[in-house]
Amino acid sequence: MNISVISGSAAQQDTPLLVLGAFDGEPIPAPAADLLEQGDFSGKPKQLLLLYPRGAVSARRLLLVGLGKRAQLTGERLREAAAVVAQRAAELKVERVTFELPASDALPAAVAAQALAEGALMGSYRFQQYKSGLTADDTYQVAELQILAADEAAAQEGARVGAAVARGVALARDLGNTPGNDLPPAKLVEAARAVAERFGMQATIFGPEELRAQGFGGVIGVGQGSANPPHVAIVEYGTKAEGVPTVCLVGKGITFDTGGISIKPAEGMEAMKMDMGGAAAVIGTLHVLGELQLPIHVVGLIGSAENMPSSTAYKPGDILKTLSGKTIEVINTDAEGRIVLADVLYYAQRYQPDAIIDLATLTGAIMVALGAHAIGMMTNDDGLAQRLARAGDEAGERAWQLPLWDPYKEMVKSDIADVKNSTGRYGGAITAAAFLSNFVGECSWAHLDIAGTAWTDARPKSYTPKGATGVGVRLLTQALRTWTER
Ligand code: BES
Ligand code: MN
Ligand code: ZN
């Protein structure tokens, strides 16, 4: 779907589908008012009504979309509205949609246009690579979304950002939806390299020999049970410079998590192909950075392994020596993500970043705590927490902070090694973060646990189909876009 911005009067648009937002408690927009009975449409969020104006306006079809109360209009409302509109437009098989940008004092035109573009594109996402016999109906894509805006320049800029963000999200979703047999660690890091190559970024990939030689004992330990060897990818966008912030983005890239010797139950295990959702978010965000060319220095680091049980697999009781020199007592081989992250977080410190942000589908415990509607955030820097919480609110990917107090850090100490990788069920998301805190030194750092948000079996938002959600790309992009303004 191509996105363009035009200006002019809605009633005069010669278009197969004109979309007008309608607000709860306000009269129906003028071009539609005579075409329906009062009371048939209330304007509540995501409500749709299709009308055939038959010459009353230039458009062949008119679609009203409810937006709720005007004073409460948010980007998130528009994202959801744009997604239902895009889906209806695809059903109607129109080639073009003209969407009048709703006006509200609550929302600047650029923000509104960004949300429209994101919602329409994210809501049109389908993962169909593995289906045969698809019909033209199955694959139909609306060719163009025209945003009709009074402030053309602002809308243009917003739409450009929104389209770039949505493409980053689609990339992250594709990676998350791709099954483990087609996305082993070597391929996941290849996806990072491909983004780097496309946009002229620096890429470094460590295979198993380099990892062993350099002392990535955590990554090697987790990956040693698989015939698909572990890899680490480092992609550098921009360069370190005075006055330019350096941010490291670290992603958990377990391409399949069986649990290893501490094997998971069979039921639902197939979803563990998404255990690289953190890495996918980092790769998707790098893609957005490449498109938008933001003035910031970002290093994306991905630690990737396949967690398998086998005669060569690591075992409960094993002690691994990490890149930092600290040792980990393995209590449970299913707590593998934190072991991989230990090495990669430690490695990130060499860039002397202003912040390290890691994203990981790390714990079932975060799903118990927050469900599917918030990212769990734990950090050693409350300023960074505020920054990320705000970015998440604006982007429609909310992050909620949990404490990381000293008593939790006591819990991860081991009797015979420096730390242990599991402490039982209580406070499981926090103790996982407490474990990670041992490997970031004095760096400002935030851990985002996306285990509850990276995958969905339902459709929690109209713009999120079943499967991988691509969570993290929007939050990270918003944080990086606003980094120097705040
Ligand atoms: N990848 C899982 C966490 C997960 C669970 C992600 C559900 C997405 C959905 C992680 O590696 C894991 O297995 N964590 C264990 C840790 C425990 C053994 C300490 C968990 O949460 O049960
Ligand atoms: Mn696991
Ligand atoms: Zn895992």
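One can find the structure itself at the top, above this paragraph.
The structure contained in this document is the topic of the report that follows.

So, how was this worked out
- Residues numbered from 1 in each chain as written.
- Chains lettered and ligands numbered in written order.
- Predicted model: local features only at pLDDT ≥ 70, side-chain atom pairs only at ≥ 80, totals over all residues.
- Heavy atoms only, no water.
- Near = heavy atom within 4 Å.
- Polar contact = N/O pair within 3.5 Å; in protein donor to acceptor, adjacent residues only side chain to side chain.
- Areas by Shrake-Rupley, 256 points an atom, 1.4 Å probe, with all protein chains shown as cover.
- Nonpolar A, V, L, I, M, F, W, Y, C, P; charged D, E, K, R; others polar.
- Donors = N, O, S within 2.8 Å, 3.2 Å for Na, K, Ca; no water.
- Tetrahedral: all angles 85-135°; square planar, octahedral: opposite > 155°, others 65-115°.
- Helix = DSSP H or I, 4+ residues; strand = E, 2+ residues; numbered from the N terminus.
- Buried < 20%, exposed > 50% of the residue type's maximum accessible area, 1.4 Å probe, protein only.
- Salt bridge = Lys/Arg side-chain N within 4 Å of Asp/Glu carboxyl O.
- Contact = heavy atoms within 4.5 Å.
- Axes fitted to C-alpha atoms, helices over the stretch in contact; angles between N-to-C directions.
- Left-handed = near helix turned anticlockwise from the far one by under 90°.
- Parallel < 35°, antiparallel > 145°, perpendicular 65-115°, else oblique.

1. Observations concerning the site of ligand 1
Part 1 of the reasoning: Ligand 1 sits among 18 residues. The nearest are K264, D275, D334, E336 and G364.
Part 2 of the reasoning: D275 places a side-chain nitrogen or oxygen 2.9 Å from a nitrogen atom of ligand 1.
Part 3 of the reasoning: At a separation of 3.3 Å, a nitrogen atom of ligand 1 approaches a polar backbone atom of T361.
Part 4 of the reasoning: The fraction of the free accessible surface of ligand 1 (510 Å²) that becomes covered by protein chains is 80%.
Part 5 of the reasoning: Broken down by class, the residue content of the shell around ligand 1 amounts to six nonpolar, five polar and seven charged.

2. Points about the coordination of the manganese ion (ligand 2)
Part 1 of the reasoning: Only D257 (OD), D334 (O), D334 (OD) and E336 (OE) from the protein coordinate the manganese ion (ligand 2), and they sit 2.0 to 2.2 Å from it.
Part 2 of the reasoning: Seen from the manganese ion (ligand 2), its six donor atoms lie at angles of 71 to 169 degrees, and the figure they make is irregular.
Part 3 of the reasoning: The two metals, the manganese ion (ligand 2) and the zinc ion (ligand 3), are separated by 3.1 Å and share D257 as a common coordinating residue. Note that D257 is positioned in strand β9 (residues 246-257) and E336 in the loop between β12 (327-329) and α10 (337-348), a separation of 79 residues in sequence.

3. Quick notes on the coordination of the zinc ion (ligand 3)
Part 1 of the reasoning: Around the zinc ion (ligand 3), the protein contributes the donor atoms K252 (NZ), D257 (OD), D275 (OD) and E336 (OE), which lie 2.0 to 2.4 Å from the metal centre.
Part 2 of the reasoning: Around the zinc ion (ligand 3) sit six donor atoms; with metal-centred angles ranging over 78 to 175 degrees, the donor geometry is octahedral.
Part 3 of the reasoning: Here the donor residues for the zinc ion (ligand 3) map to a single chain with the spacing K-x4-D-x17-D-x60-E.
Part 4 of the reasoning: The class for D275 is buried, based on a relative accessible area of 2%.

4. Focus: unusual backbone geometry
Part 1 of the reasoning: The backbone of R54 shows a phi angle near 50 degrees, a positive value even though the residue is not glycine.
Part 2 of the reasoning: When you line up the elements, R54 lands in the loop between β3 (48-51) and β4 (62-66).
Part 3 of the reasoning: For R54, a relative accessible area of 71% gives the class exposed.
Part 4 of the reasoning: The backbone phi angle of Q293 is positive, close to 50 degrees, even though this residue is not glycine.
Part 5 of the reasoning: Mapping Q293 onto the fold places it in the loop between α9 (277-292) and β10 (297-307).

5. Comments concerning the pattern of salt bridges
Part 1 of the reasoning: What the rule picks out here adds up to 20 salt bridges.
Part 2 of the reasoning: Between E118 and R79 there is a salt bridge, with the nearest N and O atoms lying 2.8 Å from each other. Of the two residues, E118 is situated in helix α3 (residues 109-123) and R79 in helix α2 (residues 75-92); the sequence distance between them amounts to 39 residues. Here E118 and R79 have matching classes, each one buried.
Part 3 of the reasoning: When the shortest N-O distance is used, the salt bridge between E394 and R390 registers 3.4 Å. Separated by four residues within a single helix, E394 and R390 lie in helix α12 (residues 382-395), roughly one turn from each other.
Part 4 of the reasoning: Taking relative accessible area as the criterion, R390 reaches 45% and is therefore assigned partly exposed.
Part 5 of the reasoning: Here the residues in one salt-bridge network are E76, R79, E118 and K461, joined through shared partners.

6. Concerning the environment of R96
Part 1 of the reasoning: Checked against the element boundaries, R96 lands in strand β5 (residues 96-100).
Part 2 of the reasoning: Separated by 110 residues in the primary sequence, R96 and F206 place their C-alpha atoms 46 Å from one another.
Part 3 of the reasoning: Other than its neighbours up to four places away in sequence, R96 contacts D14, T15, P16, L17, V142, E144 and Q146.
Part 4 of the reasoning: Only 3.3 Å separates the side chain of R96 from the backbone oxygen of D14, close enough to count as a polar contact.
Part 5 of the reasoning: At 3.2 Å, the side chain of R96 forms a polar contact with the side chain of Q146.

7. As for the packing of α3 against helix α5 (residues 152-177)
Part 1 of the reasoning: The contact between α3 and α5 brings their axes to 7 Å, and the two run at 30 degrees. For the element pair α3 and α5, the recorded crossing hand is right-handed. Residues A109, A110, A113, Q114, A117, E118, L121 and M122 of α3 form the contact with α5, whose participating residues are A154, A155, G158, A159, V161, G162, A163, V165, A166, V169 and R173.
Part 2 of the reasoning: Partitioned by chemical class, the residues of the contact of α3 with α5 number 14 nonpolar, three polar and two charged.

8. Some words on the packing of α9 against helix α15 (residues 473-481)
Part 1 of the reasoning: Running from amino to carboxyl end, α9 crosses α15 at an angle of 45 degrees, the nearest separation of the two axes being 9 Å. Of the possible angle classes, the one that applies to α9 and α15 is oblique. As for how α9 packs across α15, the hand of that crossing is right-handed. Taken together, the residues of α15 that come into contact with α9 (itself represented by A281, G284, T285, V288, L289 and L292) are V473, L476, T477, L480 and R481.

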